Amino acid sequence: MSQAKSSNLGYPRIGEKREWKKLLEAHWSGKIDAAELESETKKLRLSYLQKQRDLQAELIPVGDFSLYDHVLDTAFTFGLVPQRFTGGANTAAHDENCNCATGAHDEEAPASADAEAKVFAPGENGAYGLDAYFAVARGTKAFAASPMTKWFDTNYHYIVPELQGLTPKLTVNRPLAFYLEAKEELGIDGKPVIVGPLTLLKLARGIEEGKFDTLLDQLIPLYAQVLKELGEAGATWVQIDEPILVLETSDEDIARLNKIYAAFRAAAPGLNILLQTYFESVSRYEDIVQLPVQAIGLDFVHDRGRNLAALERHGFPQDKILGAGVIDGRNIWRSDLQVKLDLLRRIKQAAGAKELFVQPSSSLLHVPVTTRSEQALESKIRDGLSFADEKLTEIAVLVKALNEGEEAVAAEIAESVQAVAALNASPERNDESVRDALGKLDARRPERLSPYAVRRDVQAKHWPLPLLPTTTIGSLPQTTEVRQARSKWKKGEWNEEQYVQFLHAETERWIRIQEEIGIDVLVHGEFERNDMVEYFGEQLAGFTTSGFAWVQSYGSRCVKPPILYGDVKLLSPMTVTESAYAQSLTDKPVKGMLTGPITIYNWSFVRDDLPRSVVQNQIALALRSEVSALEEAGIGMIQVDEPALREGLPLKHEDWQSYLDEAVYAFRASTTSVQDETQIHTHMCYAEFGDIIQAISDLDADVISIEAARSHGDLVTAFEDGTYDKGIGLGVFDIHSPRLPEQSEIESIAQRALEVLDPAQFWINPDCGLKTRREEEVIPSLKTMVASAVALREQFAKAGAAGGAGAAGGNS
Ligand code: GLN
Ligand code: ZN
């Protein structure tokens, strides 16, 4: 019997040249009908299966393919369609689609399908059709889309199941359909992939208090039916994904899992179940490995060594197969196969199990398709990369080494060792000047010259700002002309001079607009930037840009994060020209605009040979020089954006503090070189900030602008204890909505905040950058915002004159 088999957990949907995305968008814009979408995507799907077989994957996932999202697929399988789409109660969903960059986006997907205010009915088989599916995913004129949110700590967003008032029922056995398709079309005995019931329910919303187990009890027989039919159709394996098991898992959950898997086993005794986890170590190793399934899949890459430690400590049941996720499913680097083989041997030694599945650490959904498309990259970088297809080859080599002995693949192993060593030895990874600068960093947190209380007074004198100053977050409308100008310049159709002339003209136009509206602190508009991380990645040493390294972010939206492969260093100032030009046009302050070290790190593909803190600090030191250059050029307010600070939090709570400490350190390393009168701003958006307020305060930025419009002031409660003493602007209107804000709404959001925050520290601003909005929306919105600020100032002036606490109150 062989000792190891290769197993894949999921394959990218998008295609080598994003064919999938193009088909979907063609369908949404009415260019191809549902039948054509179905037949064309079927071709793609079969080609992916064929490719995996060619790459020697033995357990090939089926049903992981999706026309939007696998959580939504699972919900539809069980008839869990939010009631508003089916004529039930019209509960409005809160749309969380975010314009915030998660790396360089591809072009904007067409606007939401403009289906009429119709509701959807199931077909004869009880299943809802594709129109209902896309309506839930994308919204219609009449109904908001279901919310979407991040899939664990990845940049993939899933559609959150909304279960209010719903009872699950099996509509269509989707896994079976995909299993049969693979078998009939290609003769592949695929491994259907299903999101497990515990994960599905834990990720859902709208479950009434005390109804979790009722729903679970309703779901178990439906899942069991799916498995039973799969077994009857001849399936050998099924992969049930329960990534929720890497989060805190209670005794109650363990009891639920036992119930679930006992029922599954009884329903489909001949079908083998691989219970798959990923992205971290499982929290309850000893209980989980005892569950009544045939195989357990564990992540040995992103487990911080904890799965391996648990395995070595507690062993592994002899009647089970261990799915060993040793090839990184989330990052893009080639593995040193000698190191991986040693790891596998160690795992095997500890598990003593009869057989191993050699796997990626998670679905390959999170990596691009193939490095074959990257011929433009320098060969030492390209040879050091491994995308989905190459990762499958790495797995095949490891399997062969285990089954036939290392000699059978000596050449392949040597080649991998050589490629990784070459990249590690490259001058870009061994920059002495970067190492020296890092070596000089103090273990203590970097400090500004004076504490905030002193800076506040210095800045108050230096900057003659009114009470409740107004500002914006940085970007202004990215019109077609702006995007075309950038692309003409990149293609060489425009020379530098033509391009700069265009940028200057656009900036000048908007400086005048901002002045006319009466905004107090202006921005240059970020017209030169396609994306807030890519822009810096293109200019800093240590980064490179791929040609086709796209990954799905949500729906048809893909991102192409910059590749951070070397030591990071500032080559020459990146933003000074634009900022200084803008400042030269006006007497009002213009904020310099940078992306912070944590966000640049989180939204790039990062090297994996150095710890996060080291790479973050390298970025921080580069930004520190940029901050100094801006200050020298007369830019007295500098904003360093960190929208990704919160989302980068580790999955396990116990790891939060060290992440936050490192983040605070890097931010401060970026921003503390300046004089007291230089005002450092930061910005964050669209996340739960309540539990990290202390870290936010520790960033020691003089002013923060932070989203609040969408949480309708809920965020304010986080500041109730009154310990946040620095400048703060809670976003007073939602830039994602095309609806223009009313003055009364803005005032009431601000007033709610001012019950808790001191007017002397409060700023008035939108909740994020304005690049996705049209000029016709931005100008009136900002006018209303300024009018609100003026009205509020008058109220405070009156209150002050009447001897009230007014503007002087609070903790100033
Ligand atoms: N300064 C950036 C902008 O306004 C910030 C974007 C963000 O928060 N993602 O576009
Ligand atoms: Zn933002």
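If you're wondering where the values come from, they're calculated on a predicted model, not measured in any experiment.

### Section: the site of ligand 1
In step 1: Around ligand 1, the structure places 13 residues, and the nearest of them are Ser 475, Glu 526, Asp 641, His 683 and Gly 769.
In step 2: Within the backbone of Ile 473, a nitrogen or oxygen atom sits 3.2 Å from a nitrogen atom of ligand 1.
In step 3: Within the side chain of Asp 641, one N or O atom sits 2.6 Å away from a nitrogen atom of ligand 1.
In step 4: Burial of ligand 1 by the protein amounts to 96% of the accessible area it has alone, namely 300 Å².
In step 5: Across the shell around ligand 1, the residue classes break down as 7 nonpolar, 4 polar and 2 charged.

### Structural notes on empty space enclosed by the protein
In step 1: Applying the stated rule across the entire model yields 9 cavities of 30 Å³ or more.
In step 2: In this structure, the largest cavity encloses a volume near 270 Å³.
In step 3: Forming the boundary of the largest cavity are 24 residues, of which Gly 63, Asp 64, His 70, Val 193 and Val 195 lie nearest the centre.
In step 4: Elements that contribute at least two residues to the lining of the largest cavity include exactly helix H3 (70-77), helix H5 (174-186) and strand S6 (191-195).
In step 5: By residue number, the principal contributor to the lining of the largest cavity is H3, which donates 4 residues.
In step 6: Class assignment for the residues of the lining of the largest cavity results in 11 nonpolar, 8 polar and 5 charged.

### Looking at the packing of H5 against helix H7 (residues 212-232)
In step 1: Here H5 crosses H7 at 20°, and the two axes come no closer than 9 Å. Classified by the angle their axes make, H5 and H7 are roughly parallel. H7 is crossed by H5, and the crossing has right-handed handedness. Here Pro 175, Leu 176 and Tyr 179 of H5 lie close against H7, whose contacting residues are Val 226, Glu 229 and Leu 230.
In step 2: Each residue belonging to the contact of H5 with H7 can be placed in one class, and the counts come to 5 nonpolar, no polar and 1 charged.

### Considerations on the packing of helix H18 (residues 496-517) against helix H20 (residues 576-584)
In step 1: Two numbers describe how H18 lies on H20: the axes approach to 10 Å, and their chain directions differ by 40°. Judged by the angle between their axes, H18 and H20 are oblique. In the crossing of H18 with H20, the sense of the turn from one axis to the other is right-handed. Here H18 contributes Leu 503, His 504, Thr 507, Glu 508 and Ile 511 to the contact with H20, which in turn contributes Glu 578, Tyr 581 and Ala 582.
In step 2: Per-class residue counts for the contact of H18 with H20 are 4 nonpolar, 2 polar and 2 charged.

### Comments concerning the coordination of the zinc ion (ligand 2)
In step 1: In this structure, His 683 (NE2), Cys 685 (SG) and Cys 768 (SG) serve as the protein donors to the zinc ion (ligand 2), at separations of 2.1 to 2.3 Å.
In step 2: Relative to the metal, the 4 donor atoms surrounding the zinc ion (ligand 2) lie at angles of 92 to 124°, and the coordination shape comes out tetrahedral.
In step 3: Positions of the donor residues of the zinc ion (ligand 2) along the chain correspond to the pattern H-x1-C-x82-C. Of this pair, His 683 sits in strand S19 (residues 679-684) while Cys 768 sits in the loop between strand S22 (762-763) and helix H26 (775-801), and the two are 85 residues apart along the sequence.

### Some points on the sheet that holds strand S17 (residues 605-606)
In step 1: Pairing is mixed in the open sheet, where 3 strands are placed in the order S12-S15-S17. Lying at the two open borders of the sheet, with one neighbouring strand each, are strand S12 (541-544) and S17.
In step 2: Across 2 bridges, strand S15 (residues 563-569) lies against S17 in parallel orientation. Within S17, the residue paired with Ile 563 across the bridge is Phe 605.

### Remarks on the packing of aromatic side chains
The relation between two aromatic rings is expressed through the spacing of the ring centres and the mutual angle of the planes.
In step 1: This structure, assessed with the given rule, holds 19 aromatic pairs.
In step 2: Ring centres of Tyr 535 and Phe 536 lie 5.4 Å apart, and the angle between their planes is 90°; this geometry places the pair in the edge-to-face category.
In step 3: When its relative accessible area of 0% is taken as the criterion, Phe 536 is described as buried.
In step 4: Ring pairs connect the aromatic residues Trp 28, Tyr 68, Phe 76, Tyr 133 and Phe 134, which therefore count as one cluster.
In step 5: Stacked on the ring of Trp 28, the Lys or Arg Arg 138 has its end atom at 3.6 Å from the ring centre.
In step 6: The aromatic ring of Tyr 452 is capped on one face by Lys 726, whose charged end is 5.9 Å from the ring centroid.

### Thoughts on the UniProt feature "binding site: 5-methyltetrahydropteroyltri-L-glutamate" (unreviewed entry) in the chain
In step 1: Within this numbering scheme, the UniProt entry marks Arg 18, Glu 19, Trp 20, Lys 21, Lys 150, Asn 155, Arg 557, Cys 558, Trp 603 and Glu 647 as carrying the feature "binding site: 5-methyltetrahydropteroyltri-L-glutamate" (unreviewed entry). A maximum C-alpha distance of 29.5 Å shows the annotated residues, which cover 630 residues in sequence, to be distributed over more than one spot.
In step 2: Structurally, Lys 150 can be placed in strand S4 (residues 148-150).
In step 3: Those residues in contact with Lys 150 that lie beyond four places of it in its chain are Asn 155, Tyr 156, His 157, Tyr 158 and Glu 647.
In step 4: Looking at Lys 150, its side chain comes within polar contact range of the main-chain oxygen of Thr 154, at 3.1 Å.

### Some words on the side chain of Glu 626
In step 1: Counting through the fold element by element, Glu 626 comes out in helix H22 (residues 612-632).
In step 2: There is no salt bridge for the buried Glu 626, and the closest opposite charge comes from Arg 529, which lies 7.1 Å off by N-O distance.

### Here we look at the pattern of salt bridges
In step 1: Within the structure shown, the criterion is met by 61 salt bridges.
In step 2: A salt bridge links Asp 153 to Arg 330, with the shortest nitrogen-to-oxygen separation between them at 2.8 Å. Highlighted residues: Asp 153 in the loop between S4 and strand S5 (157-159) and Arg 330 in the loop between strand S10 (321-327) and helix H11 (337-351), separated in sequence by 177 residues.
In step 3: Given the relative accessible area of 27%, Asp 153 is considered partly exposed.
In step 4: The closest approach of N and O atoms between Arg 752 and Glu 720, which form a salt bridge, is 3.8 Å. One end of the pair, Arg 752, is in helix H25 (residues 743-754); the other, Glu 720, is in the loop between strand S20 (703-706) and strand S21 (727-730), with 32 residues separating them in the sequence.
In step 5: What makes Glu 720 partly exposed here is its relative accessible area of 48%.

### Describing the confidence of the model for the chain
In step 1: In this model, the chain carries an average pLDDT of 93, and 94% of its residues clear a pLDDT of 70 or more.
In step 2: Within the model, the stretch residues 90-103 combines pLDDT values under 50 with 45 contacts to residues more than four positions away or in other chains.
In step 3: In this model residues 804-812 is a low-confidence stretch, pLDDT under 50, and it forms 18 contacts with partners more than four residues away in sequence or in other chains.

Rules behind the numbers
- Note on numbering: residues in each chain are counted from 1, in written sequence order.
- Throughout, the order in which chains and ligands are written sets their labels, letters from A for the former and numbers from 1 for the latter.
- Side-chain atom pairs in this predicted model are given and counted only at pLDDT of 80 or more, local residue features only at pLDDT of at least 70, and totals for whole chains, interfaces and linings cover all residues.
- Side-chain numbers come from the whole structure's heavy atoms, not from hydrogens or water.
- Only a single heavy atom is needed: when it lies within 4 Å of a molecule or strand, its residue is near that molecule or strand.
- Here a polar contact is recorded for every N or O atom pair within 3.5 Å, except that within protein the pair must consist of a potential hydrogen donor and a potential acceptor, and residues adjacent in sequence are included only if both atoms are side-chain atoms.
- Only the protein chains shown count as cover for residues, and all accessible areas are computed by the Shrake-Rupley method using a 1.4 Å probe.
- Residue classes follow a fixed rule: Ala, Val, Leu, Ile, Met, Phe, Trp, Tyr, Cys and Pro count as nonpolar, while Asp, Glu, Lys and Arg count as charged, and any other residue, Gly among them, counts as polar.
- Buried and open spaces are told apart on a 1 Å grid over the protein atoms alone, a cavity being a set of points where a 1.4 Å probe fits but cannot get out and a pocket being an open set with protein on both sides within 12 Å along at least five of seven lines. Residues with an atom within 4 Å of a point are the lining residues.
- Grid points are joined across faces, edges and corners, and a volume is the space filled by probe spheres set on the points.
- Labels follow the DSSP assignment, with helices taken as runs of H or I lasting at least four residues and strands as runs of E lasting at least two, numbered in each case from the N terminus.
- Axis definition: a line fitted to C-alpha atoms, over the contacting stretch in the case of helices. Angles run 0 to 180 degrees between N-to-C directions.
- For this classification, under 35 degrees means roughly parallel, over 145 means roughly antiparallel, 65 to 115 means roughly perpendicular, and everything else is oblique.
- Working rule for handedness: look at the near helix, and if it is turned counterclockwise from the far one by less than a right angle, call the crossing left-handed; if clockwise, right-handed.
- It only takes one pair of heavy atoms within 4.5 Å for two residues to be counted as in contact.
- In this description, a donor is an N, O or S atom within 2.8 Å of the metal centre, a cutoff extended to 3.2 Å for sodium, potassium and calcium. Water is not part of the atom list, which can make sites seem incomplete.
- For a four-donor site, all angles between 85 and 135 degrees give tetrahedral; for four or six donors, opposite pairs above 155 degrees with the remaining angles between 65 and 115 give square planar or octahedral; all remaining cases count as irregular.
- Strands pair, by our definition, only if DSSP identifies at least two bridges between them.
- Here is the rule: rings of Phe, Tyr and Trp (six-membered ring for Trp) pair when centre to centre is within 6.5 Å. Planes less than 30 degrees apart are stacked, more than 60 are edge-to-face, and the remainder are tilted.
- Burial classification: accessible surface area is computed with a 1.4 Å probe over protein chains only, and a residue below 20% of its type maximum counts as buried, one above 50% as exposed, and the rest as partly exposed.
- Throughout this description, the term charge over a ring refers to an Arg CZ or Lys NZ atom that lies within 6 Å of the ring centre and within 35 degrees of the ring normal.
- UniProt positions are given in the numbering used here, feature names are shortened, and annotations may be inferred rather than shown by experiment.
- We treat Lys and Arg as the positive residues and Asp and Glu as the negative residues; His and chain ends play no part in the count.
- Salt bridges are defined as contacts in which a side-chain nitrogen from Lys or Arg sits within 4 Å of a carboxyl oxygen from Asp or Glu.
- pLDDT runs from 0 to 100 and stands for how confident the predictor is about each residue.

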